[in-house]
Number of protein chains: 2
Amino acid sequence: MAQNFLQPLLSPRSVAIVGQSDDATKTAGRPLKLLRQAGYTGRVYPINPRRETVLGERAWPSLAALPEAPDHAYIVTGTEAAVGAVAECGKRGVKIATVLADGFAEAGAEGLAREARLRKIVAETGMRLVGPSSWGVIDLRSKAMLTGNPTFDEPELRAGKIFVASHSGGMIGSLFSRGSARGIAYAGFVAVGNEVDLSLGEICEATLDDPGIDSYLLFLETMRHAQALRRFALAAAARGKPILAYKLGRSAAARELAISHTGALAGEDDVADMFLAECGIARVSTLDGLIEGMPLLARVPLASYSGKRKTVGVLTTTAGGATMVVDPLAARGLIIAPPNADTLARISKAAGIAVKAARLVDLTIAGAQYDAMKGTLDAMLAAPEFDFVLAVVGASGRSNPERTVRPIIDSAGAAKPLAAFVVPEAPRALAMLAEAGVPSFRTPEACADAIAAALSRRMPRASMISIAQHGRQTPLPPPSARSRASSTRYSGGEGSGVGDAVDLTAPPPTPAFRRSRRSASASLVLRTAAEGRLCPPHRSQALAGGGLPRHLLDELEAYDVLKRLGITCASAIAIDANLTQAPTLPFPYPVAVKVLTAEIAHKTDIGGVVLGVADGAALIAAIGKIRTAVSEKSPGTRVTRVLVQQMVSGLGEALIGYRIDRDVGPTVLAAAGGVLTEIARDRALRLAPVDLATAHEMIAEVRALVPLAGYRGKPKGDLGALAQAIVALSRLAEDPSIAEAEINPLLVAENGVVAVDALVKLA
Amino acid sequence: MAQNFLQPLLSPRSVAIVGQSDDATKTAGRPLKLLRQAGYTGRVYPINPRRETVLGERAWPSLAALPEAPDHAYIVTGTEAAVGAVAECGKRGVKIATVLADGFAEAGAEGLAREARLRKIVAETGMRLVGPSSWGVIDLRSKAMLTGNPTFDEPELRAGKIFVASHSGGMIGSLFSRGSARGIAYAGFVAVGNEVDLSLGEICEATLDDPGIDSYLLFLETMRHAQALRRFALAAAARGKPILAYKLGRSAAARELAISHTGALAGEDDVADMFLAECGIARVSTLDGLIEGMPLLARVPLASYSGKRKTVGVLTTTAGGATMVVDPLAARGLIIAPPNADTLARISKAAGIAVKAARLVDLTIAGAQYDAMKGTLDAMLAAPEFDFVLAVVGASGRSNPERTVRPIIDSAGAAKPLAAFVVPEAPRALAMLAEAGVPSFRTPEACADAIAAALSRRMPRASMISIAQHGRQTPLPPPSARSRASSTRYSGGEGSGVGDAVDLTAPPPTPAFRRSRRSASASLVLRTAAEGRLCPPHRSQALAGGGLPRHLLDELEAYDVLKRLGITCASAIAIDANLTQAPTLPFPYPVAVKVLTAEIAHKTDIGGVVLGVADGAALIAAIGKIRTAVSEKSPGTRVTRVLVQQMVSGLGEALIGYRIDRDVGPTVLAAAGGVLTEIARDRALRLAPVDLATAHEMIAEVRALVPLAGYRGKPKGDLGALAQAIVALSRLAEDPSIAEAEINPLLVAENGVVAVDALVKLA
């Protein structure tokens with residue numbers, strides 16, 4: 001597959017420029033100029049039916065007139081003409097076409113129709129397509145300069161080993177020019193545009209065998225085609241080729257821009273963040289961090305998660321300047337540690353002064369000497385307490401870099417990674433560092449950003465790589481012994497069918513999901529977060545953004561699903577809402593009474609829940625209350641059945657959820673539930689399924705779950721059982737028929753956890 | 001006062017360099033070199049007893065030997081010699097001395113003793129002192145180059161109108177060199193070091209009348225001497241001289257560094273953040289934002305708070321590049337708005353294309369023409385819907401700035417502020433913009449940072465200015481009629497002494513605080529957050545960091561304080577803990593029973609609280625339970641009295657607190673209470689006292705209080721009463737005898753609020 005398009009994409013033997021203009025100052029005039037200027041040695045066919053020549057070369061009237069089918073055609077015409085040109089390319093046997101024009105998915109129905117035409121051509125001819133809305137494809141080794149971006153109009157184009165892929169066309173030029181000014185060289189660039197055929201991930205994956213490419217910079221606007229990105233990233237991790245990414249869309253406003261700009265829907269940013277982390281992609285949040293970060297990333301080994309936070313040793317001649325980097329580093333969870341006693345002794349000897357035992361190894365003016373700096377650096381690079389060493393140089397870095405910057409270069413060969421930040425404006429020092437390939441930064445923010453991104457990057461979980469290679473995991477296990485055992489602790493009464501949900505109004509549920517019944521109520525389009533306030537926020541966490549109508553199970557059916565996964569649920573039965581006398585319950589009072597229907601996701605909102613019902617009379621009264629409330633607040637909802645559930649209690653509550661995200665696929669979520677989960681975005685996400693260690697990581701990430709780990713001497717919640725429940729729920733990834741599931745709350749007790757409300761939607 | 005030191009500080013007629021070395025490559029050799037190189041025209045006295053000449057000039061053996069008392073002496077000797085030199089300066093009648101040496105407050109007891117000696121000299125002689133640990137004082141107009149910082153070793157030193165004051169010595173050089181490279185010029189620099197005498201605020205305040213200084217850049221490491229900074233800032237705001245600040249210490253690690261580096265304790269960062277905002281100081285969090293932000297800040301008028309979020313219109317030729325700025329702007333609360341229909345029509349006409357109605361005015365390639373860019377910019381600058389316009393230029397900004405950057409310069413004269421960001425590396429464009437004085441930025445992060453800082457800056461509250469000018473406010477009013485009225489809503493029973501706290505075991509409390517009694521128990525040093533886990537986090541919010549032993553009032557006394565302020569408290573009485581029969585209560589059951597003692601701040605931790613006590617028998621049982629628990633968990637605590645309090649309920653809870661912060665003075669806090677307040681730092685702070693409008697702002701800032709404003713159709717809490725309680729508590733600023741007060745929780749009901757627990761500490 002990869003072989004089919006890689007060579008014509010990046011090393012075409014022949015190229016056509018469809019719509020080449022005679023004016024080299026225009027976008028459509030530049031490709032020919034840039035190809036010639038760069039010294040491209042393949043055959044070039046400028047196509048312009050209205051001219052004999054363009055830029056002094058023969059212009060061809062059409063693709064059909066060419067003496068051969070070119071490997072790669074760059075189509076720089078307007079929108080409508082471009083669709084025609086793509087069709088011609090397909091007919092003529094062109095291997096790959098790249099389309100500059102916009103006016104496709106981002107341009108409404110008409111644009112979508114144009115995209116459909118492009119897709120049809122690709123499907124019918126086998127030709128591959130980059131774009132539309134692609135500012136081009138550039139390989140600085142083959143000199144294939146298929147771009148109209150004026151930033152590449154440079155007399156000299158040095159080739160390096162970093163490959164750049166971007167959703168944004170403008171950014172390929174900005175990354176090139178900013179990187180070049182820093183002495184960084186690139187192998188090539190691709191602006192993928194609307195990704196109607198070839199996606200960013202697919203293109204990058206195809207280049208993985210190219211020995212001239214050793215690392216990847218990604219500028220992402222959306223998580224569209226995340227599965228291709230994931231395949232690429234997992235393969236890159238296996239080969240040791242690092243990926244550094246900047247992704248737009250931390251704010252809702254930016255995500256909206258992505259829609260109007262690219263036609264792509266943008267998901268929640270923390271989903272993207274999690275996805276990139278899970279794929280072993282380092283994510284920066286500064287532009288300079290992206291540009292300057294690769295030399296650093298390339299030196300930090302991609303390791304498996306150890307559970308240990310990384311430790312940075314900081315050496316400086318200027319405490320104020322160094323603290324500008326330490327501040328954001330510490331804020332991102334890195335430990336800034338003092339040297340241990342041995343290291344400190346070695347440092348003081350090397351520096352010739354008594355260095356203070358502090359988090360900053362501050363040499364002050366004494367550090368402005370080669371030997372002091374070099375000796376201190378070497379001591380820190382050899383010190384086992386540091387995972388990474390940062391050298392922050394003050395005034396002497398500008399006035400006398402041979403004294404304070406040269407030793408950094410001379411020590412950079414150590415096994416431990418090292419980076420430099422020079423606080424004043426210091427062009428000479430930066431040039432020296434860049435030439436030596438030592439990671440260095442222009443701003444404290446980019447420095448901290450890149451260090452944090454590199455040190456927090458980790459090898460993708462073995463299970464992800466295994467799924468990528470071998471498909472799905474082993475089948476679902478039966479409910480675990482542990483879950484069964486723990487469930488009894490919630491019983492609170494003798495003889496109750498603990499963990500059993502029984503529907504007294506219907507035949508026993510069949511083992512499979514009753515999809516036929518669900519499709520009967522399929523007319524209900526569930527309210528998602530995008531549709532507004534009717535969706536309670538704690539639900540919108542897990543359930544937002546589906547886009548498709550999904551079919552709800554009722555609560556009793558939802559418990560069936562959970563119990564199949566081995567998750568303990570509070571004992572519950574369904575009873576007829578028309579009963580005038582309470583039945584004998586298989587568990588003791590008090591109970592909760594809830595309207596039981598698959599038509600309503602948010603029972604509380606319509607008065608469909610009564611808690612703390614003490615006896616049979618109160619049960620009948622509660623049913624009446626629910627019927628009245630629901631008929632008032634949701635007149636369309638028929639109350640035929642109610643769920644009666646044993647009241648249980650715990651030390652605290654958690655929310656756990658599962659969702660097939662439109663972009664990144666199956667995900668699992670842990671949170672504490674409640675309004676703060678939404679307002680503070682206090683939630684942990686992973687790609688599903690997860691293992692027990694990952695589930696424990698997730699629990700530790702949720703700030704609001706911290707009290708359950710034992711807070712101010714209070715009893716500890718059973719976080720082991722919570723982790724097991726997360727693992728269990730995440731295994732829904734093996735069942736594509738379930739789109740979403742949420743337990744909110746899952747009560748966490750000293751021993752065990754129990755679900756007291758659940759929501760499951762079928763795909 | 002200011003006149004005394006300003007002229008010798010910045011425009012000395014004569015200077016002495018005490019310890020001037022003959023080696024101009026050394027720190028102690030540079031001042032003479034730099035003074036001569038810059039062309040300083042005053043008299044210069046190099047002092048070096050071991051040499052006849054230094055750098056070819058006559059060296060004087062001592063200050064005593066000089067023919068006159070120099071205006072300003074820069075002492076560049078080692079630590080011990082420096083203290084002696086300061087003493088000599090004082091004797092000789094030097095007006096101001098600046099000390100380079102370190103080894104003072106940051107160097108332990110010995111250093112503190114040295115500082116004391118310096119203070120004594122200043123007090124006895126009237127000489128003023130900059131430092132110690134000062135990298136110097138530089139005035140680029142008078143050419144007084146009193147610094148050893150090699151970054152100022154430049155052949156040309158252009159003078160501008162920005163004055164730079166820094167806690168860090170190294171940073172003055174870095175700001176100078178980085179700013180110079182961007183075409184920015186400065187009036188002068190002062191590195192204030194340890195601020196043993198002259199503080200940063202005092203020095204800046206003294207320069208406010210200097211017409212050659214129009215704005216201030218501050219690099220802050222601590223909030224030490226915040227009151228001087230406040231005086232300066234309020235006066236600067238009144239004169240329209242903007243202040244832009246970078247402050248280290250967002251992370252705890254950085255705050256710890258500040259201690260080891262400067263000897264100063266650093267408070268919580270959100271206190272500093274609040275303080276700077278209250279003083280009308282714009283705070284940036286990027287170094288480039290500090291350097292590049294002033295031209296922008298100077299154009300954004302300092303306005304009073306309107307309650308309206310500011311709106312930014314964004315014009316671009318490259319959506320991806322523009323979104324890099326929009327993303328952090330939106331994350332900082334600014335609105336990125338689309339043009340209205342009128343503006344859009346004007347834009348489309350000017351640009352010659354149908355511009356899409358979106359948050360980004362994206363001209364795409366059509367924008368790479370002067371007329372299109374200029375016309376669009378002018379339409380946006382005239383559009384009433386935008387407070388600010390940002391132009392983000394893509395590839396053409398590098399390749400053809402006359403087309404896309406020139407129009408920005410030509411439109412920058414409009415009344416509405418405008419800034420530019422050029423996405424690719426674009427030295428020509430940046431030089432053009434800098435020369436024209438148009439705010440422009442090198443990174444999207446600095447651009448967003450500076451815009452957000454400038455647009456969120458506001459005029460200090462009138463009450464702050466009034467207090468600064470006229471001292472304290474009017475005396476405390478009696479409890480407001482409203483508070484009295486609302487309190488009755490909590491009574492829940494007839495005849496109860498609502499809002500009254502009565503001590504049945506003691507004579508009625510005297511109107512004044514019983515300080516004599518408190519000092520009797522003064523041996524109790526309260527546990528602060530710094531001391532560890534015994535301090536409950538919700539308390540550590542308001543009460544941490546005092547440092548001094550403070551005297552606790554018991555809960556009943558605390559209610560007295562609150563009621564004097566007009567805050568409604570749940571009805572409560574004190575009873576003897578040895579009673580064997582329950583007294584008749586002046587309010588109905590159920591009640592809460594709590595140990596009543598001024599020795600314990602955290603009653604719950606020692607089992608000192610029983611809630612939901614239903615009747616007299618249960619009351620006696622509860623007292624017994626408390627006595628047993630307390631004797632086990634806190635054997636030193638005598639339980640002689642308990643507080644019996646009517647149980648009340650509300651829709652939700654708030655925490656409000658008052659504290660005299662060591663640095664910034666009286667502060668008031670609003671939060672929701674509970675663990676999330678601590679973990680998510682979800683709290684609003686202001687300098688106390690506050691007015692009602694400010695209290696409402698505070699409530700709106702606390703995310704966890706959002707539900708009380710009416711959430712998913714739930715009843716609304718009485719936020720008006722909550723705001724009144726905040727105002728009332730903040731008026732403790734008028735009573736210096738109270739160090740801290742906290743109500744946690746303050747129950748918020750549909751009508752009114754009521755305190756059900758309180759903690760007050762005397763100063």
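Rules and cut-offs
- Residues numbered from 1 in each chain as written.
- Chains lettered and ligands numbered in written order.
- Predicted model: local features only at pLDDT ≥ 70, side-chain atom pairs only at ≥ 80, totals over all residues.
- Heavy atoms only, no water.
- Helix = DSSP H or I, 4+ residues; strand = E, 2+ residues; numbered from the N terminus.
- Buried < 20%, exposed > 50% of the residue type's maximum accessible area, 1.4 Å probe, protein only.
- Contact = heavy atoms within 4.5 Å.
- Expected span 1.5 Å × (residues − 1).
- Core = buried A, V, L, I, M, F, W, Y, C linked by side-chain atoms within 4.5 Å.
- Pairing = 2+ DSSP bridges.
- Right-handed = clockwise from strand over helix to strand, strands pointing away.
- Axes fitted to C-alpha atoms, helices over the stretch in contact; angles between N-to-C directions.

Caption draft 1: Quick look at the environment of Leu655(A). Mapped onto the secondary structure, Leu655(A) falls in strand β27 (residues 652-661). Exposure remark for Leu655(A): the relative accessible area of 0% places this residue in the buried category.

Caption draft 2: Structural view of the side chain of Asp71(A). All names here are of chain A. Tracing the backbone through its elements, the reader meets aspartate 71 in the loop between β4 (57-58) and β5 (72-75). Relative accessible area serves as the criterion here: at 4%, aspartate 71 is assigned to the buried category. Those residues in contact with aspartate 71 that lie beyond four places of it in its chain are Gln7, Pro8, Pro12, Arg13, Ser14, Val94, Lys95 and Ile96.

Caption draft 3: Broad picture of helix α14 (residues 370-382) of chain B. Taking 1.5 Å of rise per residue, 13 residues should cover 18 Å, and α14(B) covers 18 Å from first to last C-alpha, within 8% of that figure. Those residues of α14(B) not exposed but buried are Ala372(B), Met373(B), Lys374(B), Thr376(B), Leu377(B), Ala379(B), Met380(B) and Leu381(B).

Caption draft 4: Focus on the nonpolar core. One finds Leu390(A) and Leu390(B) to be the most contacted residues of the largest nonpolar core, which totals 150 residues. Once residues within four sequence positions are removed from consideration, Leu390(B) is found in contact with Val312(B), Gly313(B), Val314(B), Leu315(B), Val325(B), Leu329(B), Ala419(B), Ala420(B), Phe421(B), Cys447(B) and Ile451(B).

Caption draft 5: Focus on the pairing of strand β5 (residues 72-75) of chain B. Residue and element names in this part refer to chain B. Alternating residues of β5 divide into His72 and Tyr74 and Ala73 and Ile75, and every residue in both groups is buried. In this structure, strand β1 (residues 14-18) lies alongside β5, joined through 4 bridges in parallel fashion. Counterpart to valine 18 in the pairing with β5 is isoleucine 75. Pairing geometry for β5 and strand β6 (residues 96-99), over 4 bridges, is parallel. The residue of β6 that forms the bridge with tyrosine 74 is threonine 98. Handedness of the crossover joining β5 and β6 through helix α3 (residues 79-92): right-handed.

Caption draft 6: Main features of the sheet that holds β1(B). Residues and elements named next belong to chain B. With respect to topology, 5 strands assemble into an open sheet ordered β2-β1-β5-β6-β7, the strand pairing being parallel. Because the sheet does not close on itself, it has two edges, and the strands there are β2 (43-47) and β7 (128-130). Across the sheet, the mean angle separating the axes of adjacent strands is 20° when strand polarity is ignored. Note that β1 and β2 share 5 bridges and pair parallel. Bridge pairing in β2 links valine 15 to valine 44. Its contacts with the sheet place helix α2 (residues 30-38) against β1, β2 and β5, and it is angled at close to 160° to β2.

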